Amino acid sequence: MNNLKKGKNIKLLQGNEACAEGALLAGVRFFAGYPITPSSEIAENMARELPKIGGKFIQMEDEIASMAAVIGASIAGLKSLTATSGPGMCLKQENLGFAIINEIPCVVVNAQRGGPSTGLPTKPSQGDMMQARWGTHGDHPIIALAPSTVHEILTLTIKAFNFSEKYRTPVILLLDEVIAHMREKVEIPALEDIEVINRKKPTVPPEEYLPFKPDEDGVPPMANFGEGYRYHITGLIHNYKGLPTSNSQEIDAFIRRLYNKIQKNAKDIIMNEKYFLDDAKIALIAYGSVARAAERTVKLAREEGLKVGLLKLLTIWPFCFEEVNKLAQQVDLIIVPEMNLGQMVLEIERAAQGKCRVVPYNRVDGELINPIEILGKIREEIKK
Amino acid sequence: MNNLKKGKNIKLLQGNEACAEGALLAGVRFFAGYPITPSSEIAENMARELPKIGGKFIQMEDEIASMAAVIGASIAGLKSLTATSGPGMCLKQENLGFAIINEIPCVVVNAQRGGPSTGLPTKPSQGDMMQARWGTHGDHPIIALAPSTVHEILTLTIKAFNFSEKYRTPVILLLDEVIAHMREKVEIPALEDIEVINRKKPTVPPEEYLPFKPDEDGVPPMANFGEGYRYHITGLIHNYKGLPTSNSQEIDAFIRRLYNKIQKNAKDIIMNEKYFLDDAKIALIAYGSVARAAERTVKLAREEGLKVGLLKLLTIWPFCFEEVNKLAQQVDLIIVPEMNLGQMVLEIERAAQGKCRVVPYNRVDGELINPIEILGKIREEIKK
Amino acid sequence: MKQEKLLEVYQNNSVKISVRKGWCKSCGICVEFCPKDVLVPDNQGKPIPENIDACIKCSLCELRCPDFAITVEGVKEKDE
Amino acid sequence: MKQEKLLEVYQNNSVKISVRKGWCKSCGICVEFCPKDVLVPDNQGKPIPENIDACIKCSLCELRCPDFAITVEGVKEKDE
Amino acid sequence: MKTVIDEYIRKAMFPNMWCPGCGNGIVLGAIIRAIDDLGWDKDEIVAVSGIGCSSRITGYVDFCSMNTTHGRALPFATGIKMANPDLKVIVVMGDGDCSAIGGNHFIHAARRNIDLTAIIINNMIYGMTGGQYSPLTPTGKFGSTAPYGNIDQSFDLAELAIAAGASYVARGTVYNPRQSTSLIKKALDKKGFSVVEIISDCPVSYGKMNKMKSPVDMLKWIKDITVSKKAWDGLSPDEKRGKYAIGEFLSKDRPDYTELYEEIIKKAQESGGNK
Amino acid sequence: MKTVIDEYIRKAMFPNMWCPGCGNGIVLGAIIRAIDDLGWDKDEIVAVSGIGCSSRITGYVDFCSMNTTHGRALPFATGIKMANPDLKVIVVMGDGDCSAIGGNHFIHAARRNIDLTAIIINNMIYGMTGGQYSPLTPTGKFGSTAPYGNIDQSFDLAELAIAAGASYVARGTVYNPRQSTSLIKKALDKKGFSVVEIISDCPVSYGKMNKMKSPVDMLKWIKDITVSKKAWDGLSPDEKRGKYAIGEFLSKDRPDYTELYEEIIKKAQESGGNK
Amino acid sequence: MKERIEMCLSGSGGQGLILAGIILAEAAGIYDGKEAVQTQSYGPEARGGASRSEVVISNGAIDYPKVIKSDILLALTQTACDKYVKNLNKDGILVADSTLVTEVPNISNKIYLFPIAETAQKKFGTKLVTNIISLGIIVGLTEVVSQEAIQKAVCSRVPVKAKEVNEKALLLGFDIAKDLKVKNKKSGNKIN
Amino acid sequence: MKERIEMCLSGSGGQGLILAGIILAEAAGIYDGKEAVQTQSYGPEARGGASRSEVVISNGAIDYPKVIKSDILLALTQTACDKYVKNLNKDGILVADSTLVTEVPNISNKIYLFPIAETAQKKFGTKLVTNIISLGIIVGLTEVVSQEAIQKAVCSRVPVKAKEVNEKALLLGFDIAKDLKVKNKKSGNKIN
Ligand SMILES: Cc1ncc(C[n+]2csc(CCOP(=O)(O)OP(=O)(O)O)c2C)c(N)n1
Ligand SMILES: Cc1ncc(C[n+]2csc(CCOP(=O)(O)OP(=O)(O)O)c2C)c(N)n1
Ligand code: SF4
Ligand code: SF4
Ligand code: SF4
Ligand code: SF4
Ligand code: SF4
Ligand code: SF4
Ligand SMILES: [Mg+2]
Ligand SMILES: [Mg+2]
C-alpha cells in the first residue's frame, strides 16, 4: 500500500491515509498512538505499513504515553509521528511542552472534531486552532500547518517533518474531520522528487558537544541517544550542556532563543496561497476544508462581478501577521469563515490594526460551511 | 486556623493560605488535588481545615483524577476546589472541558511558575494566561481572575466561586509564584459580611426538570445528584434533557448559549482598577504581582511629572476589550509589562485597533519585573 | 415508525411470549440459544415462538436479549 | 570553595580510608553504622577513622554514603 | 408488555444505539435486574461511565447518570461518593476505558477501597473507535491496529484488582446472564470497592476481524473460552492458556474510604490536627 | 581517591542537591556498582527518570540521560527502547512518580514486558514537593496533606508488578546496599520488564513528620520494618502488618516486547498483513 | 457531461454505501482520469441509522468537496430518501429501492425504482451486493463514469474471493438500467 | 522611621530565615499595626544553597512587595553575603555572622558582626535559634518593629515547647545589639 518503492503514482486516498503515506515518505519509522475518531485511520495505516519497512508501531495506554513514546523514539533516532483529536490533544499538552523545551523533532496530528469535551466525535470543526498555539503552559513557539486537500495532507505532512527536523521542534498538523475522512484523487510524488530534511548532527567529537548550544540559525545540532554523545535532557530550563540552571541570564537567553528560532524563520515557515487577491476589495481568509468552500465562493462571487479574493493559509502558526496587515491596507473588508466561534479572526483583527473591517463568519453546528453561505455573508456585508 | 466561626480578623497570611481561607468562606466543602509547587500549600491547608468543618479532602493519583473528582463532588452538591500549576494545568484540560460543557461550577487555581514543561518550578511567571483561555480544545468560554495581593487572593477566590455558581461554569484563578508564596497582612472579612452566591436550583418538580434548558439569563438551574432529579450528563453536545444530540440546530444553539452566558454577562464579570488614568497619556496595563510593580512605577513616574496611569486587571477572561479600546483612544502609548513573552499584549493590540502604540515589556528569567525597569521602559519609549 | 414499535404477543395456556419488534435487531441470539428450540426467525430474523408449547419458561431468551425485545411470562389464570 | 573539596586520607598498613570533605554532608550514617565503630564525627559531623585499626574493610560506610564522600581501599604493598 | 426492565430505563432512548447482538444490552439487563433484586430506590443511584460503546449504558438508565471522559469514570465517581456517601454509585466501563487509559484510576480506586461498584464490559476490543486492540485483547488475535496479530500480553483484570486492594472481585459473561446478574448483585451489595468483569461480545469490531461475524458465533466462543472458577483451579497452566475463569474470586470485608474519612473528620474536630 | 563511582558520574554536578543523608545517593551508588559489575559500556546505556528528588539521579550519571515529566518516565523509555533495542534502558522513579501519577504506565510496561529496568526509590512520600503522602505512605503515618494520619491503604508495588506481568520483581533497601546492588544487577541483566523497589529514607520530608528527623533514625527504622523474603513467608498476617519483605519475588523468562515486534516485522515483510 | 457532478448515495449503515462511493470515485478519478472526491456522513447514524456517502466528480479541479445539490441520489431506505431528496437538483435523478422506499416523494425529477436488495438476495443469495447492483444501475443510467472504469474499480476494491459475484452484480445493474431507461421513456416520469 | 523599609535575611536553607521573615512581618503587620509583606526565594537553593527571605514594612499600603534596595541585610553565610550585599542601600546596615562570613565586604555601610550561630550553640546547645537571636539583634539595632511586637510574634509562631528558649534567644539578641551599638559608636564602621 505504501509508496516507498514505486515512482510517482496516482491513487484515491483518504485524508488520513495520505497523512500516513506522507509520513512514510518523509522517513517516519515510528508511530505511537491511542485511537480516537476521526484520526484512527492514521494509526491503522501506520500499524500495517511500518513493520513492512522495518519501522515500529505501538499502541500505548493513552495519549500521554503516546506523546512520551514518540519523543523517546525521536531522541533515539527515529522520525516519529502521533495522531489524535481534541480530547487526546488535551492530554498530550504536557509532553508536547517537554518536546518543545528539549527541541525534539516530532509531528502531532490533530484531526479536529467538534468540541469542547467529547463534543461531536464524528463531525468536523476548527475549534482547536488556538489550542494548538497555547495549549501547553508557559511561553513557547509552535509550528502548525493546516492542509485543505488530501494532496496537501500528504505534502504538508512531509513539510511538517521537514520543519520539525530543521528547527528541532514539534510540529502540529491540524486536520479536520472532513478532510481526514475524505477520499480524493492524489498524485503521490516519487520518493526521489521529495525534499526530505533530516536533523543536523554534531560535527564535533563527543567531548566537545554542547547539546543545547545553538548554531547561528538558532538551532543546536542534535545527537541521537546511542551515538556516542552522552548528554542530559530535562524539562527544567537548562544550559548549553542540558543541565538545569537557575541563572537568570541563561534562563532568559534560553527562552528567547527557543521562541526566536521559529519567529525569526517565520518567512521560511509561513506558506499560503492567494486566489484572485490582486484586485480584490473583499478578502476571504480561510484554511482547512473551509478554504475549499471559500475558493468556490470566490468563483461564484467573481461571476457576480464582486471583487472577492482568497488568502488560504497553509501555515497557521506562526501566523502571517505581515501578510494580513498588508492585505488590510488593500481591501475594504476581510471575511473570515471558520468552523468555530471565531479563533483565527482574532489574529486577523490584531493584524488588521483597524485598517479595514474584519468580519467573522462562523459555524459550530458540526456541518462544513458551504460556498453559498459565504457568498450570502459577502452580500450582506456589502450592504452595510 | 480557618475563620469560619470568628468575625473579622487580621492575619499575616500566605497567598496560598488566603486562597484556602477564601474558599472556606465561599462555602467550599471539597478539595481534590495533586501536589505541585508553587500551589501545594493550598492543598495542605485544605487537608487540615476541611475535616474540621465536615468537609472532605482527597489527594488523587494525578491532576486528571483531581479535576474529575472535583467535578463529581460539585455535581453531588459540594462547592469544590482544586489547585495546581502549569504541568498539572495541562493535565486538567480535558476534564476542564467536561466541566464547561456540562456547566459544573468549580474553581481551578493555577499558581503559575516558569514554563514551558517543568520549566522553573520555584520561580514566578505569567506564562499561562493564554492557556487559561485556550487550553482545552473546542470553542468554549472561560472566566479567569488574577489577584495581585494576598487580600485579593482571598476576595477573588470568593468571587471565583460566586461567578462559578452564578454562571454554572468552572472559573480559573491565576496566581503566580510571587503572590502564592508571599505573606501579607490581610483583613479577613466576617462571614456575615461576605456575599456568597449559590447555584440556582430548579423550581419545577422532577418530571418537568430540563437540566440544560436555560432561564432568561442563559443559565439553567442545577439540581444536585441525589436530590430526586434524575437526569443525564454527558461530554457529548446535548439537548435540554442532557441527552446527546446530532441535530444541527440544537448543537448550534447549545454552543452559542454556552459562550454567550459568559460573554453577555461580561459587564458583571469584568473587574479592574484604575490608578491615575484620568489624565494619563501613557497607560500601563498589568495584572498579578506585576501590577504591584506597575503601581509603584506610576508613583515614580508621576514624581518625575510623567502622566502615567495604570489599568490593573482583576478579570483576565473575559478580556476587557472595550475598556482597552477606549483607553487606546485616550493615551498615546500603552506599555504592557508581563512575566512572559507577551500574551496579554496580544489582546491589547487587538483591542487598541491601531489607535495608539502598544509596547510589551517582558521578562522571562524567573524574576519579578521591578518598578525601576518599567520606568526605564517608559523613558525609552517616550524618546521614540 | 409506528410499525417499528409493533409488539407481537404469542401465548398458550402456560406461557406468554412477547416480542417488541420495533426494538428487536434480529441478532439471532434468542433463537440460537433457546434450549428447547422454541423460537424460529421470521423473514426479518425476528423471533417467532413457533414451538411455544415446548417452552420451559427458562427466560434465557429474555435475559440474553440485548435489546429488551423479548419477554417470557408465565400465564396463571385468565390473561387480561 | 577550594577548601570544600578537600580530600582527607587516613591510612594504616592494611586500609586506606578517604573522605571527600567537600562532598560529605555530615549525615552521620557512616559513623553510626560502622560495625566496628571505626569512625567518629569531627566538629562538623564529618567522619574521622579514629579507630582505623579496627576496620575490617567491609565497605559498608562507602556503600551507604549517599554522597560518595568516603571510600575504603585495601592497602596491598607500598601505598603510592 | 411491561417488564421490570421498563421501570428503570429511559424508554425514549430505545431502540438503543448498539449493533445487533451487542453484549452491552445484555449487561445492561443484568445490572437492572440486580438493582431490582436489591430493591434500591432509583433516586439514590448514580450511574457513571467513561467513553465507549459500553459507556453509553448510562444514557439508557433512569438514574442520575453521567457519561464522563474516556477512562475517567472512577475519579468522577470518587468525587460523587466522597461528597455524598449515601449515594449508591455504579461505574460502568469498557475494557479499553478501564484498563488502557483508565488503568491508573482503576488500581487507585481499588487501593483506596472506596465504596463503588465497577462493572467492566470486556469485549476485548475498542468497539466504538472501530476495533483497535485493547489491553484485554488476547495475544494473537487481530485488531484494526493489530493486522498481524496482537503481540501484547493481556491483563488479568481480576488479578490486578486483587493486587491493588479491591474488596470484591468476580467475572461473568453475557452468555451466562443469570450468573452475571447475581455477581453484580453481590458486588453492589458489598461495601468497599467491588469489581465485576463481564466478558461480552462485539460482533462488529472484534468478531469481524476474528472470524466471528455473527453474535451467535461470538456467544458460542465466549462459552468455549470460559470455565468456572472451580474447574479453573484444577487446570494445568497449559490448559489455562486462552481460557478465562468465571465466578467469584475475592470477597472480603474492610472499611471503605468514606467511612475512614469520617474518622478523619472526628479527629480533626477533636484535635485540630498534628500541626 | 578514585573510585569506581567516579567513572560513571558527572563530577561537576557534585556535591549533589539532595539533603544530608538522603537515600537517593545510596541508590545511585548501588546502580552504578551494578552497572560496573556488568561491565556495560557507558555509551550503550540510557537512564530515564520522571520528576522528584529521586528522579534527579539521571542528572548525575554520565550516560545518555533524561529527566522527563512527572510519572511518564516509562513511556519515554518505551519509545527509546522500541526505536533502538540495542540500548540498555534504566528507568529511575520515585514512589509518587511511579505509583501515583505514573501507575498506569507502570502496569502497562509490565504487561508488555518491554525490556526496561525500573528502579523505584520508595521513600514513602513526595519528597520534592514537601512531604505530601504518596500511594506508598504506610497507613497511619503523617504527611503534609495527611495531618491526621494517612487513611489510605498503600500499594504493594511488587504484587502489582507481578499481577501486571513483569518478568523480574525484587525489593531492597538503602540500609542493605549490597543486596540492593545485587538485585539491581540481576534486574538489569534480565530480558523483559524488571522491577526493583528500594526502600529509602527521606529524613527531611518523611522523617520530620514522622518523628525520625535524622537519617540515622530513618535507616534504623528501615532496618526494623524489613524482613527477608524467607522470613516473611513464615510470618502470620498480623506479624506482616507494617513490615516489608525484601529479596527477589519473581524471576521468569519470557520474550520481551521488542523481540516480539521483530516477529511482526518478519510477518509484515512476508505477507503484507491480513488486510 | 456537466463540468461537476454531485452524487449522494444514501441508506442505512451496513448497506455498503461508503464502499460504493469509494468505488465510484475511484472509477472516475483513477480509471477515467477525472477529478473525484468522496466524503461521508460519519455519525452515530453509522450504527443503524441513516448513512450517506457523497461523491463529486469533475473534469477540472474540485474546490468544495461536498454535495451542494445532488445530481444523482441513490436512496436505499425510506428515511434516507425523505432526508436527502430535498437536496436533489431540479434536473437530477433519483434511484431508489422500490421495496424499501415505499413512499416515493412527489417530485418532478426523473425517478427510477427497482427492488434492488430483493433482487440481490434472490439472484446472489446475499444482500451484500445491493450496493454494487446500485452502482451498476447508476452508471448504466447516467454514464457518470465509464462502464469499464467502474468495472475496474469494483475489482480493485472488493476482496479477491468476492470479485466474481460483484462483477456479476455490476453487470446485472447495467441490465436493469437498460430496462429502466426503456420503461422511463415509455411512461414518462415515475417508473416501477 | 522611613515610610518603607526593605529587609533581606540571607543565609542557607535550614537556617530558619523564612520563619524569621514571617515573624518580622507579623510583628510589624499584626502587632505594630503597620503594613508588611514577606517574600522569599524559593529555589533549588532551598536544599543547601543560598536562601533569602525578604520583608517589606511600611506605614502605608505596600505596592511592590519585594526588596529593591535593602535597608537591612542579614547575612548568615559568606555566599549569601557576597550575593546580596550588592543590593544594600547606601545608608543601609549589614548584620553578619562573624564566623560564617569571614570575608567582610569592603563597603561603606554600617556593618555589625557577631558570631551568632556559635553563640546559639554555646548558650542554648542548638544552632536552631540562630535565626531568633538574629531577629533580636536586628530589632535591637534598628527598632524596625517594637520589641514588644517581635516578642509576641516569636511566641505566636514557634512551637509551644520551644517558646521559652526562643524568647530567651530573642532577649539575648537585644542585648547583643546594645553591645554592638556601643562598639559601633566607638570604632566607627567595622565592628567585631
Ligand atoms: C482521551 C480520549 N482518547 C480516545 C478517545 C477515543 N475513544 C472513544 S471510546 C474508545 C475505546 C473504546 O473501547 P472500550 O473502552 O473497550 O469500549 P467499547 O467501545 O469496546 O465498549 C476510545 C479509544 C476518547 N474519546 N478520548
Ligand atoms: C504533572 C505534575 N504534577 C505534579 C508535579 C509536582 N511534583 C514534582 S515531584 C512530585 C512527587 C515527588 O515524589 P516522588 O515521586 O515520591 O519522588 P521523591 O521526591 O520522593 O523522590 C510531585 C507531585 C509535577 N512536577 N508534575
Ligand atoms: S423461555 Fe427458555 S425455553 Fe422458553 S422460549 Fe425462552 S429460551 Fe426458549
Ligand atoms: S435476542 Fe432480542 S434482538 Fe436478538 S433476535 Fe431475539 S428478540 Fe431480537
Ligand atoms: S569499611 Fe566497614 S569497618 Fe571499615 S570503617 Fe567502613 S564501615 Fe567501618
Ligand atoms: S555517610 Fe557520607 S555524607 Fe554521611 S557523614 Fe559519612 S561521609 Fe559524610
Ligand atoms: S461496535 Fe461492538 S461494542 Fe460497539 S455497539 Fe457495535 S457490537 Fe457493540
Ligand atoms: S526532600 Fe527527602 S527525598 Fe528529597 S532530597 Fe531531601 S531527603 Fe531526599
Ligand atoms: Mg471494549
Ligand atoms: Mg518519594
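For the structure itself, look to the data block above.
The rules behind each value
- Residues numbered from 1 in each chain as written.
- Chains lettered and ligands numbered in written order.
- Predicted model: local features only at pLDDT ≥ 70, side-chain atom pairs only at ≥ 80, totals over all residues.
- Heavy atoms only, no water.
- Helix = DSSP H or I, 4+ residues; strand = E, 2+ residues; numbered from the N terminus.
- Buried < 20%, exposed > 50% of the residue type's maximum accessible area, 1.4 Å probe, protein only.
- Areas by Shrake-Rupley, 256 points an atom, 1.4 Å probe, with all protein chains shown as cover.
- Least-squares fit on C-alpha atoms with pLDDT ≥ 70 in both.
- Contact = heavy atoms within 4.5 Å.
- Buried area = accessible area lost by both parts, 1.4 Å probe.
- Salt bridge = Lys/Arg side-chain N within 4 Å of Asp/Glu carboxyl O.
- Nonpolar A, V, L, I, M, F, W, Y, C, P; charged D, E, K, R; others polar.
- Donors = N, O, S within 2.8 Å, 3.2 Å for Na, K, Ca; no water.
- Near = heavy atom within 4 Å.
- Core = buried A, V, L, I, M, F, W, Y, C linked by side-chain atoms within 4.5 Å.
- Polar contact = N/O pair within 3.5 Å; in protein donor to acceptor, adjacent residues only side chain to side chain.
- Pairing = 2+ DSSP bridges.
- Right-handed = clockwise from strand over helix to strand, strands pointing away.

Peer 1: Could you give me a rundown of the overall build of chain G, with the residues and numbers involved?
Peer 2: Assigned secondary structure in chain G consists of 6 helices and 6 strands. Going from the N terminus to the C terminus, chain G shows its helices and strands as β-α-β-β-β-α-β-β-α-α-α-α. Here the C-alpha coordinates of chain G stretch approximately 40 × 35 × 35 Å along the principal axes. Counting only residues that meet the buried cut, chain G has 57% of its 192 residues in that class. Split by element, the accessible area of chain G, about 8,000 Å² in all, is 52% carbon and sulfur.

Peer 1: Quick one: what's the story with the relation of the copies chain A and chain B, residue by residue and with numbers?
Peer 2: For the pair chain A and chain B, the best superposition has an RMSD of 0.0 Å and corresponds to a rotation of 180° with a translation of 0.0 Å parallel to the axis. Such a combination of turn and shift is consistent with a two-fold rotation axis.

Peer 1: Could you give me a rundown of the interface of chain A and chain B, with the residues and numbers involved?
Peer 2: Contacts between the two partners involve 55 residues from chain A and, on the opposite side, 55 residues from chain B. Contact with chain B buries surface across chain A, with Pro116(A), Trp134(A) and His137(A) losing the most and accounting together for 16% of the total. Connecting chain A to chain B are 2 salt bridges. For Glu349(B), the salt bridge goes to Arg350(A), with nearest N and O atoms at 2.6 Å. Counting residues per element, the ones that place at least two in the side of chain A that touches chain B are α4 (86-101), β6 (120-124), α5 (129-134), α8 (248-263) and α12 (344-352) of chain A. The leading source of residues in the side of chain A that touches chain B is α4(A), at 9 residues. By residue class, the composition of the side of chain A that touches chain B is 20 nonpolar, 24 polar and 11 charged.

Peer 1: Residues and numbers for the coordination of the magnesium ion (ligand 10), please.
Peer 2: Residue and element names in this part refer to chain F. Taken together, Asp95 (OD), Asn123 (OD1) and Ile125 (O) make up the full set of protein donors to the magnesium ion (ligand 10), lying 2.0 to 2.1 Å away. By relative accessible area, which is 7% here, Asn123 ends up buried. Given a relative accessible area of 1%, Ile125 falls into the buried group.

Peer 1: Can you lay out the site of ligand 4 for me, pointing to particular residues and giving the numbers?
Peer 2: Residues in contact with ligand 4, as listed here, are Cys24(C), Lys25(C), Ser26(C), Cys27(C), Gly28(C), Cys30(C), Pro47(C), Cys65(C), Pro66(C), Asp67(C), Ala69(C) and Ile70(C). Taken together, the residues of the shell around ligand 4 break down into 8 nonpolar, 2 polar and 2 charged.

Peer 1: Got a sec to walk through the arrangement of the chains? Specific residues and values, please.
Peer 2: Counting contacts across all 12 pairs of chains that touch, the top pair turns out to be chains A and B. The two units chain A and chain H never meet; even their closest C-alpha atoms stay 8 Å apart. There is a clear gap between chain D and chain H: no contact, and 10 Å between their nearest C-alpha atoms.

Peer 1: Can you explain the nonpolar core? Please cite residues and give values.
Peer 2: Ranked by internal contacts, the top residues of the largest apolar core, which has 392 residues, are Met46(A) and Met46(B). The element that contributes the greatest number of residues to this core is helix α6 (residues 150-167) of chain B, accounting for 9 residues. Residues contacting Met46(B), with those up to four places away along its chain left out, are Ala20(B), Ala23(B), Leu24(B), Val28(B), Phe31(B), Pro51(B), Phe57(B) and Leu81(B).

Peer 1: Which residues make up the site of ligand 1, and what values go with them?
Peer 2: Ligand 1 sits among 23 residues. The nearest are Glu63(A), Cys53(E), Ser54(E), Asp95(E) and Asp97(E). Residue neighbours of ligand 1 fall on chains A, B and E, so the site bridges chains. At 2.8 Å from an oxygen atom of ligand 1 is found a main-chain nitrogen or oxygen belonging to Cys53(E). Coverage of ligand 1 by the protein amounts to 98% of the 580 Å² it exposes when considered alone.

Peer 1: Can you break down the pairing of strand β2 (residues 28-33) of chain B residue by residue, with the values?
Peer 2: All names here are of chain B. Within β2, 5 of the 6 residues are buried, which leaves the element mostly enclosed by the surrounding structure. Pairing of β2 with strand β4 (residues 79-84) involves 3 bridges; the strand directions are parallel. Counterpart to Val28 in the pairing with β4 is Lys79. Taken together, the 4 bridges between β2 and strand β3 (residues 56-59) define a ladder with parallel strand orientation. Bridged to Ala32 within β3 is Ile58. Once the chain exits β2 it traverses helix α2 (residues 40-49) before rejoining the sheet at β3, and the crossover so formed is right-handed.

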